[in-house]
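For reference, the chains in residue letters:
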Amino acid sequence: MDPSWKPTFSPPSPAAAVVFYFVSCVGFIPIISPQRVPMDAQVAPEYAHSIRLDGDIILGGLFPVHSRGDRGTPCGELKKEKGIHRLEAMMFAIDLINKDPELLPNITLGARILDTCSRDTYALEQSLTFVQALIERDGSDVRCANGDPPIFTKPDKIVGVIGAAASSVSIMVANILRLFKIPQISYASTAPELSDNSRYDFFSRVVPPDSYQAQAMMDIVTAMEWNYVSTLASEGNYGESGVEAFIQISRDTGGVCIAQSLKIPREPRPGEFDKIIRRLLETSNARAIIMFANEDDIRRVLDAAKRNNQTGHFLWVGSDSWGSKISPVIGQERVAEGAITILPKRASVDAFDRYFRSRSLSNNRRNVWFAEFWEENFNCKLGMHGKRPGSLKKCTGLEKVGRDSSYEQEGKVQFVMDAVYAMAHALHRMHRELCYGYPGLCPRMANIDGKELLSHIRAVSFNGSANTPVVFNENGDAPGRYDIFQYQITNRSTAEYRVIGSWTNKLHLKVEAMRWKSSDPSLPPSVCSVPCRTGERKKVVKGVPCCWHCERCEGYHYQASEFTCELCPYEMRPDANRTGCGPIPIIKLEWHSPWAVVPVFISMLGIIATSFVIVTFVRYNDTPIVRASGREMSYVLLTGIFLCYAITFLMIAMPDVGVCSFRRIFLGLGMCFSYAALLTKTNRIHRIFEQGKKSVTAPRFISPASQLVITFSLISVQLLGVFVWFAVDPPHTVVDYGEQRTQDPMAARGVLKCDISDLSLICSLGYSILLMVTCTVYAIKTRGVPETFNEAKPIGFTMYTTCIIWLAFIPIFFGTSQSAERMYIQTTTLTISLSLSASVSLGMLYMPKVYIILFHPEQNVPKRKRSFKAIVTAATMSGKLTQKGGDRPNGEVKTELCESMETNTSSTKTTYVSYNNHAI
């Protein structure tokens, strides 16, 4: 393809070029045109976001032309100095090299310069442009729409890359460039990680790594007699690795203690910097702050210190990212006063100043971002398509850099030029070796071997743009040479950076030239061994005997000595200042607690209601209803109900030996009384009607006396178990310190309770629950007994409801065993369950009877007595006829007996049948 012609469109992104070869011909249509448009008649979209300079050898360039974008956009605002100054320095250096008859004669250097937007992932995508020419394209299976083979745009072959600026970007890009053996020389990346020649073997840099910088900063701290400092780093490779190197040196050398090591997030939240200042103030004796942070973070840290009225408190020691820059300290000169910063030795390149001041819109069209710079620099707008919004003045194009705007050469311009010259000197050595005496590029340099070029880069040695030697060690690092500055405010209230020393493998510091706030000539202190507060122990830093951290005695520990914390005895907790231990307060369930008020209120209502029923039954003891209910068994059952209510008061009363003894006795006794009586009743009913199916002879043991004997026999089993429990484990009180042993010792409490475990409680209630279940079984069996014969159905409903109550009790009681409110929840649950069980029995079995006795005395009259034979015969026949009715269609069955029963039962009055007159 004719080099003077270019395709009319380009791939949408460098990443698309990599996968370009695996798409169908449709994918080629956007980048291929059958027409040829002259280069000067179009704006090549392929380079709309990059700069391309033609040449025999093409170098790549990576610069942060724009800042990191917000809200998902890759690029943000233009960076005038770090972006435009630096890339112009690269083009200026290429211009000088191309004009130099001694360096690469008859060979022209070109460039492909890309914007990293200060974002490592975006830079990685952009850098794929550099490797396109090294990927072989296979178009044999691809045809265009008209059947012609595709025409590929030949990408530039990049032999070396200048950049990047940020260490995180260089690390990302270096990982892909090494795969294609493309050497890389950075002008600003200083992360120590990049010195690892096994991982970044094709990476070199003309600036010293932070490991040298960290050593220089450590030497400054030592010279200032500071031995207690904090570190502050921006999140990322530069900040974190710099601080890590400083901390490692402090460990190796000893004598300097690190108070705090804080990190500034990449995306700090509102108030993050105020929080950092507050944390730094937690160790107020560590006034010296070692900073490895970008200039934006430095400015915001200084601003936060100013907002928190800490002007003059902190002693800042800044890395080269601070250096001698004005932008971090504008508007906050007082809080930055006395800051010590370091910067790699550099000098302003006068030739670049003349070059840059001469740049204009007419003579710098090769820089695609220069128009945007022009608008930003002169605060104006270029026509309708300008990038700056708002009603700004229109640019005339006659503005001049340095005359109509402020100008100061960016600090890394020298290193950008040195990086380009290092690449040029390496290519020159390579050309002299491979093409000696050959004008221009010989065939042996048609395809430059990256590994061979790397060896020449590592071997270069020349004086750079500032007349300082440019050399590389075996890891590709430049030697450490730093100037040391202090930010001072003079008597005329003007602030400036002044050189107070230098570092070249050794510190040379002019202490007498240093100035501090209020013109105090003495060195401000930042020393270690700050006395620990009360309740804190000293933890000596390993390898640094002069320094310690203060650790608060946490949990249930107290300060036993200056260096140790010990655990308080189990029944004690540390006092307020943690210098000793005091007893843990003991609590119990108080009567005024809501956990006690509710069950006590229910119990009192129940006791009143039970007492009322008992009084009513005693007063009407000889009436038919009371007699039909079985007076003796009713009184036993009412006694059990009364005990179920009364146990609430024992459960809430202050535990002592007597209360604990009564709890053991009466906890299950009330339920045992109730369900033993109900079981005896339901068993009696069941035996009567089962016997009636076989003969008309009454079953044995159905008289009141027999029923009482059976009931008390069942109750005696409960009492026997309680007495055995008394013998095996006599009742006593305990203080449970584990139940409410919270993480905060001040909230810990000991619970005074009876020594009744959950297992003992279940065993005590287990027998009563067994009686309850058995009674429920008999209630089910007697559910078919006609309701006119006895109270079997009310007993059944009572037992069903009681079972539901206790089924709900079990998960609540045991599910809260790990709760801090365990004592309250379990006691309340148990007492309310007992009260509800008693209330169900009282309400279903006795309230209807009391109602009839008091409000319908006309129904409480004697009825015609029937013989046992008549009663059983009627009940049996009723059951049989009901069964037969179910076997017939529609349940139709009519007999004389049935009709007579219907006649007898049609009355609205209830007939109470008593079996009390039958002998055993």
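Residues numbered from 1 in each chain as written. Predicted model: local features only at pLDDT ≥ 70, side-chain atom pairs only at ≥ 80, totals over all residues. Heavy atoms only, no water.

Colleague: So what exactly am I meant to see when it comes to the overall build of the protein chain here?
Modeller: When its secondary structure is counted, the protein chain shows 23 helices and 31 strands. Every one of the 920 residues in the protein chain was classed for burial, and the buried ones make up 49%. In the form shown here, the protein chain has an accessible surface area of approximately 43400 Å², with 56% of it arising from carbon and sulfur atoms. (Helix = DSSP H or I, 4+ residues; strand = E, 2+ residues; numbered from the N terminus. Buried < 20%, exposed > 50% of the residue type's maximum accessible area, 1.4 Å probe, protein only. Areas by Shrake-Rupley, 256 points an atom, 1.4 Å probe, with all protein chains shown as cover.)

Colleague: I'm lost on the pattern of salt bridges in this one. Help?
Modeller: Any two side chains of opposite charge can pair, so long as their charged atoms come close to each other. Under the criterion given, the structure shown has 25 salt bridges. We note a salt bridge from Asp729 to Arg664, for which the minimum N-O separation is 3.7 Å. Highlighted residues: Asp729 in the loop between helix 18 (704–728) and strand 30 (733–740) and Arg664 in helix 17 (residues 657–694), separated in sequence by 65 residues. Accessibility expressed as a relative area gives 26% for Asp729, which makes it partly exposed. Among the ionic contacts, a cluster of salt bridges with common partners joins Arg52, Asp54 and Asp156. (Salt bridge = Lys/Arg side-chain N within 4 Å of Asp/Glu carboxyl O.)

Colleague: I would appreciate a short explanation of the confidence of the model for the protein chain in the present structure.
Modeller: Here the protein chain shows a mean pLDDT of 81. Residues at 70 or above account for 82%. Ignoring residues within four places in sequence, the model shows residues 1–47, a span with pLDDT below 50, making 65 contacts including any to other chains. Segment residues 879–920 is flagged for pLDDT under 50; beyond a separation of four residues in sequence, or across chains, it makes 44 contacts in the model. (pLDDT = per-residue confidence, 0-100. Contact = heavy atoms within 4.5 Å.)

Colleague: Can you help me understand the pairing of strand 6 (residues 75–78) in this one?
Modeller: Sheet faces and side chains relate simply in a regular strand, where the side chains alternate between the two faces. Note that strand 5 (residues 66–68) and strand 6 share 2 bridges and pair antiparallel. Looking at strand 6, one finds that His66 is bridged to Leu78. Counting the residues that bridge the hairpin from strand 5 to strand 6 gives 6 residues, and of these Arg71 lies at a positive phi of roughly 55°. (Pairing = 2+ DSSP bridges.)

Colleague: I'm lost on the nonpolar core in this one. Help?
Modeller: It is characteristic of soluble globular proteins that their nonpolar side chains tend to be buried jointly. Of all hydrophobic cores here, the largest spans 67 residues; its most connected members are Leu87, Met90, Leu109, Phe352 and Leu427. Ranked by residues supplied to this core, first place goes to helix 12 (residues 413–434) with 14 residues. In contact with Leu427, other than residues within four places in its own chain, are Ile57, Leu59, Leu104, Leu109, Met445, Ile448 and Leu453. Val636, Tyr645, Leu678 and Tyr767 belong to the second-largest nonpolar core, a separate cluster that totals 50 residues. (Core = buried A, V, L, I, M, F, W, Y, C linked by side-chain atoms within 4.5 Å.)

Colleague: Sorry if this is basic, but what is going on with the state of the cysteines here?
Modeller: All told, the structure shown has 7 disulfides when counted by the stated rule. At a sulfur-sulfur separation of 1.6 Å, the disulfide partner of Cys435 is Cys442. On the sign convention where negative is left-handed, the bridge of Cys435 and Cys442, at about -55° about the S-S bond, is left-handed. Summarising the burial analysis for this pair, Cys435 and Cys442 share the class buried. Two residues share a disulfide in this structure: Cys553 and Cys565, whose sulfurs sit 1.8 Å from each other. Between Cys553 and Cys565, the S-S dihedral sits near -65°, and the bridge is therefore left-handed. Linking Cys553 in the loop between strand 24 (544–552) and strand 25 (557–559) with Cys565 in strand 26 (residues 565–567), this pair joins segments that are 12 residues apart in sequence. Cys553 sits in the buried class, given a relative accessible area of 1%. For Cys565, a relative accessible area of 23% puts it in the partly exposed group. (Disulfide = S-S within 2.5 Å.)

Colleague: I'm lost on unusual backbone geometry in this one. Help?
Modeller: Trans peptide bonds make up most of the peptide bonds, and negative phi angles are found at most residues other than glycine. Of note, the amide linkage connecting Gly163 to Ala164 takes the cis form, showing an omega dihedral of 5°. Mapped onto the secondary structure, Ala164 falls in the loop between strand 8 (158–162) and helix 4 (167–177). Here Lys181, not a glycine, exhibits a phi torsion of approximately 55°, which is positive. Looking at the secondary structure, you find Lys181 in the loop between helix 4 and strand 9 (184–186). Phi angles above zero are rare outside glycine, and Asn379 is one such case at about 55°. The residue Asn379 is located in the loop between helix 11 (370–378) and strand 16 (380–381) in this model. For Asn379, a relative accessible area of 40% puts it in the partly exposed group.

Colleague: How should the sheet that holds strand 29 (residues 586–587) be read in this particular structure?
Modeller: Adjacent strands of a sheet pair through backbone hydrogen bonds, lying either parallel or antiparallel. Taken in spatial order, the 3 strands of this open sheet run 29-31-30, and their pairing is mixed. Two strands close off the open sheet at either side, each with one partner strand: strand 29 and strand 30. As judged from the 2 bridges shared by strand 29 and strand 31 (residues 749–754), these two strands associate in the parallel manner. Within the sheet, the bridge partner assigned to Ile587 lies in strand 31 and is Val751.

Colleague: Before we go on, may I ask you to explain empty space enclosed by the protein in this structure?
Modeller: One simple way to see leftover space: roll a probe sized like a water molecule over the atoms. Tallied over the full model, the rule gives 4 cavities of 30 Å³ or more. Taken together, 14 residues form the lining of the second largest cavity, with Val206, Phe415, Pro469, Ala478 and Arg481 sitting closest to its centre. Sorting the residues of the lining of the second largest cavity by element identifies helix 12 and strand 19 (469–470) as the ones contributing at least two each. A total of 3 residues in the lining of the second largest cavity trace back to one element, the largest contributor, which is helix 12. Here the residues of the lining of the second largest cavity sort into 9 nonpolar, 2 polar and 3 charged. (1 Å grid on protein atoms, 1.4 Å probe; cavity = no way out; pocket = protein on both sides within 12 Å on 5 of 7 lines; lining within 4 Å. Points joined across faces, edges and corners; volume = space filled by probe spheres on them. Nonpolar A, V, L, I, M, F, W, Y, C, P; charged D, E, K, R; others polar.)

Colleague: Honestly, the packing of aromatic side chains in this entry has me stumped. Any pointers?
Modeller: Aromatic rings considered in pairs are described by the distance between their centres and by the relative angle of their planes. Enumeration over the complete set of coordinates arrives at 22 aromatic pairs. When the ring of Phe356 is compared with that of Phe373, the centres are 5.6 Å apart and the planes differ by 70°; the resulting orientation is edge-to-face. A residue pair is termed long-range when its members are at least 10 positions apart, and Phe356 in helix 10 (residues 350–357) and Phe373 in helix 11 qualify at 17 residues. The exposure classification of Phe356 matches that of Phe373, with both residues buried. Each ring, one from Phe662 and one from Phe666, has its centre 6.0 Å from the other, and the planes form 25°; the classification is stacked. Taken together, the residues Phe662 and Phe666, both in helix 17 and 4 residues apart, mark about one turn of the helix. We classify Phe662 as partly exposed; its relative accessible area is 43%. Judged by its relative accessible area of 24%, Phe666 is partly exposed. Joined through ring pairs, the aromatic side chains of Phe92, Phe352, Tyr355, Phe356, Phe370, Phe373, Trp374, Phe378 and Tyr407 make up one cluster. Cation over ring: Arg664 sits above Phe726, and NZ or CZ is 5.8 Å from the ring centre. (Phe/Tyr/Trp six-rings, centres within 6.5 Å; stacked < 30°, edge-to-face > 60°. Lys NZ or Arg CZ within 6 Å of the ring centre and 35° of its normal.)

Colleague: Explain the environment of Gly69 here, please?
Modeller: Following the sequence through the fold, Gly69 ends up in the loop between strand 5 and strand 6. The residues touching Gly69, leaving out its near neighbours within four places in the chain, are Pro74, Cys75, Gly76 and Arg119.

Colleague: How should I be thinking about the side chain of Gln310 in this particular structure?
Modeller: By the element assignment, Gln310 lies in the loop between helix 8 (295–307) and strand 14 (315–318). With residues near it in sequence (within four places) discarded, Gln310 still touches Ile277, Leu281 and Ala305.

Colleague: I'm lost on the packing of helix 12 against helix 13 (residues 450–459) in this one. Help?
Modeller: The description of two packed helices rests on the angle between their axes and on the distance between the axes. Following both chains from N to C, one finds helix 12 and helix 13 inclined at 120°, their axes separated by 8 Å at the closest point. In this structure, helix 12 crosses over helix 13, and the sense of that crossing is right-handed. Between helix 12, through Met423, Ala426, Leu427, Arg429, Met430, Glu433 and Leu434, and helix 13, the contact on the second element is made entirely by Glu452, Leu453, His456, Ile457 and Ala459. Considering only residue class, the contact of helix 12 with helix 13 consists of 8 nonpolar, 1 polar and 3 charged. (Axes fitted to C-alpha atoms, helices over the stretch in contact; angles between N-to-C directions. Left-handed = near helix turned anticlockwise from the far one by under 90°.)

Colleague: How should I be thinking about the environment of Thr534 in this particular structure?
Modeller: Tracing the sequence through the fold places Thr534 in the loop between strand 22 (507–509) and strand 23 (536–541). Sequence separation of Thr534 and Ala576 is 42 residues, and the distance between their C-alpha atoms is 9.8 Å. In this view, Thr534 contacts Arg552, Gln559, Asn577 and Thr579; residues no more than four positions away in its chain are not counted.

Colleague: So what exactly am I meant to see when it comes to a nonpolar patch on the surface here?
Modeller: A contiguous nonpolar patch, built from Phe612, Tyr851, Leu854 and Phe855 and spanning about 420 Å² of accessible area, is present on the exposed surface. Mapped onto the fold, Leu854 is located in helix 21 (residues 822–855). (Patch = residues over 30% accessible without salt bridge, like charges linked within 9 Å, V, L, I, M, F, W, Y side chains within 5 Å.)

Colleague: Sorry, what's going on with the sheet that holds strand 12 (residues 257–264) here?
Modeller: Taken in spatial order, the 8 strands make up an open sheet running 12-11-13-14-15-20-21-22, and their pairing is mixed. Among the strands making up the open sheet, the edge pair consists of strand 12 and strand 22. Within the sheet, the average angular offset between the axes of one strand and its neighbour, ignoring direction, is 25°. One ladder, built from 4 bridges, connects strand 13 (residues 288–292) with strand 14; its direction is parallel. Considered in strand 14, the bridge of Ile289 is made with Trp316. With respect to the sheet, helix 5 (residues 210–223) is in contact with strand 11 (228–234), strand 13, strand 14, strand 15 (340–344), strand 20 (482–489), strand 21 (495–503) and strand 22, its orientation differing from that of strand 13 by roughly 170°.

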